[in-house]
Amino acid sequence: MAADPLTLILQIYLAMTVVMVVLWVLDRRVRNASLADVGFCFGLIAAVVWCAGSAAGDGVRKTVVALLAAVYAGRLGIYILTDRILAKREDARYRRLREEWGASATRNMFGYFHLQAIAVSVLTLPFAVVMQNPHPPFALRELAGLAVWIIAVVGEAMADRQLARFREKPWNRDRVCRDGLWRYSRHPNYFFEWLHWWAYVVMAFEAPGWPLTLLGPIGMGWALVKVTGIPPAERQAVSRRGEEYRDYQETTSVFIPWFPRSRRANRG
């Protein structure tokens, strides 16, 4: 980078901390923690564009990487904004967390918003490594990574749209979505989100600093599978949909898409 990388990441972290504090204050008024997710998406776009302006490397490659970040995070941010914030109640996962946290909800929610500032800072690194690849641009490795990126971003968009379409029908309010990709995974949107981060690992493989790209799939995988993604979503789904969701758990892969199992085979 033309700028010192540690200084750049610190600048991104400080800027995102200010953004997240503002969003946390707004959350205290509107009570919708999805604001943190929207802040993460558009904050990541700004951070990657900022990085592109400060990083050494091929100009065309930097532009392409910035566009990849903008399309990925912009689509997700707009989806969350329209599906979970505008004219809608707070996501059930966050409502449940507030109930579980009780008197500590305000403090813990501040920590959650601050975690998004840290996440943006750390997850900017995979993009920065790809930008600084000293090899000629658009080699086979980068094209393979682009193919992974396309599959992942299109897959996540399809999963989000299939779920939104299912929920638009009032008779599906308390039913389990098994349409399209949701027939093969209980959380296909999370799977494709995780797969997306592998695209930068493939693009940067063997370039200087390429192990830093692993922060994307490892960090996002941990968050989705162990912390803020699947665990609260599963608890909420069982609480709301009961036996139908338990049947879904028995027959359908939790994360990686796979063919459904029969209940009889599963109970074997």
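Q: Got a minute to help me understand a nonpolar patch on the surface in this structure?
A: A contiguous nonpolar surface patch, about 350 Å² in accessible area, is contributed by Leu115, Ile118, Val122, Leu212 and Leu215. Ranked by the residues each element gives to the nonpolar patch, the list is headed by helix 5 (residues 105–131), at 3 residues. Structurally, leucine 215 can be placed in helix 8 (residues 215–227).

Q: Explain the pattern of salt bridges to me, please; I cannot follow it from the model alone.
A: Where side chains of opposite charge bring their charged atoms close, a pairing between them can arise. Under the criterion given, the structure shown has 15 salt bridges. Among the salt bridges present, the one from glutamate 206 reaches arginine 141, with a minimum N-O distance of 3.1 Å. Of this pair, glutamate 206 sits in the loop between helix 7 (188–204) and helix 8 while arginine 141 sits in helix 6 (residues 140–168); the two residues are 65 residues apart in sequence, bridging distant segments of the chain. Given the relative accessible area of 37%, arginine 141 is considered partly exposed. The residue glutamate 234 makes a salt bridge to arginine 186 at a minimum N-O spacing of 3.1 Å. Here the residue glutamate 234 occupies a position in helix 9 (residues 230–251), and arginine 186 occupies one in the loop between helix 6 and helix 7, the gap between them amounting to 48 residues.

Q: When you look at unusual backbone geometry in this model, what are you seeing that I'm missing?
A: Keep in mind that most residues, glycine aside, have a negative phi and that most peptide bonds are trans. Even without being glycine, phenylalanine 138 reaches a positive phi, approximately 65°. Within the element layout of this structure, phenylalanine 138 appears in the loop between helix 5 and helix 6. Of the residues examined, phenylalanine 138 reaches a relative accessible area of 40% and is grouped as partly exposed. Phi angles above zero are rare outside glycine, and glutamate 206 is one such case at about 75°.

Q: What is the right way to read the state of the cysteines from this model?
A: Simply put, the disulfide is a covalent bond whose two ends are the sulfur atoms of two cysteines. The final tally for this structure, using the stated rule, is 0 disulfides. In this structure cysteine 51 is not part of a disulfide, and its nearest cysteine sulfur, from cysteine 41, lies 18 Å away.

Q: It is not clear to me how the environment of proline 188 should be interpreted in this structure. Could you clarify?
A: Within the fold, proline 188 resides in helix 7. Distance in space between the C-alpha atoms of proline 188 and glutamate 156 is 7.1 Å, their sequence separation being 32 residues. Ignoring any residue separated from it by four or fewer positions in sequence, one finds proline 188 in contact with Ala159, Leu181 and Trp182.

Q: Is there a simple way to think about the packing of helix 3 (residues 59–85) against helix 5 in this case?
A: A packed helix pair is summarised by two numbers, namely the angle formed by the two axes and the spacing between the axes. Where helix 3 contacts helix 5, the axes come no closer than 9 Å and their chain directions differ by 155°. Classified by the interaxial angle, the pair formed by helix 3 and helix 5 is roughly antiparallel. Here helix 3 and helix 5 pass one another in a crossing that is right-handed. Counting all contacts with helix 3, which are made through Arg61, Lys62, Val65, Ala66 and Ala69, the residues of helix 5 involved are Phe127, Val130 and Met131. The residue makeup of the contact of helix 3 with helix 5, split by class, is 6 nonpolar, no polar and 2 charged.

Q: How should I be thinking about the environment of threonine 82 in this particular structure?
A: Within the fold, threonine 82 resides in helix 3. Residue threonine 82 is classed as partly exposed on the basis of its relative accessible area of 40%. A distance of 2.9 Å separates a polar atom in the side chain of threonine 82 from the backbone oxygen of isoleucine 78.

Q: Mind showing me how you'd approach the packing of helix 8 against helix 9 here?
A: Two numbers describe how helix 8 lies on helix 9: the axes approach to 4 Å, and their chain directions differ by 25°. The angle between helix 8 and helix 9 places the two elements in the roughly parallel class. Taking contact as the criterion, the partners of Leu224, Val225, Lys226 and Val227 in helix 8 are, on helix 9, Ile230, Pro231 and Pro232. Looking at the contact of helix 8 with helix 9 residue by residue, the class counts come to 6 nonpolar, no polar and 1 charged.

Rules of the game
Residues numbered from 1 in each chain as written. Predicted model: local features only at pLDDT ≥ 70, side-chain atom pairs only at ≥ 80, totals over all residues. Heavy atoms only, no water. Patch = residues over 30% accessible without salt bridge, like charges linked within 9 Å, V, L, I, M, F, W, Y side chains within 5 Å. Areas by Shrake-Rupley, 256 points an atom, 1.4 Å probe, with all protein chains shown as cover. Salt bridge = Lys/Arg side-chain N within 4 Å of Asp/Glu carboxyl O. Helix = DSSP H or I, 4+ residues; strand = E, 2+ residues; numbered from the N terminus. Buried < 20%, exposed > 50% of the residue type's maximum accessible area, 1.4 Å probe, protein only. Disulfide = S-S within 2.5 Å. Contact = heavy atoms within 4.5 Å. Axes fitted to C-alpha atoms, helices over the stretch in contact; angles between N-to-C directions. Parallel < 35°, antiparallel > 145°, perpendicular 65-115°, else oblique. Left-handed = near helix turned anticlockwise from the far one by under 90°. Nonpolar A, V, L, I, M, F, W, Y, C, P; charged D, E, K, R; others polar. Polar contact = N/O pair within 3.5 Å; in protein donor to acceptor, adjacent residues only side chain to side chain.

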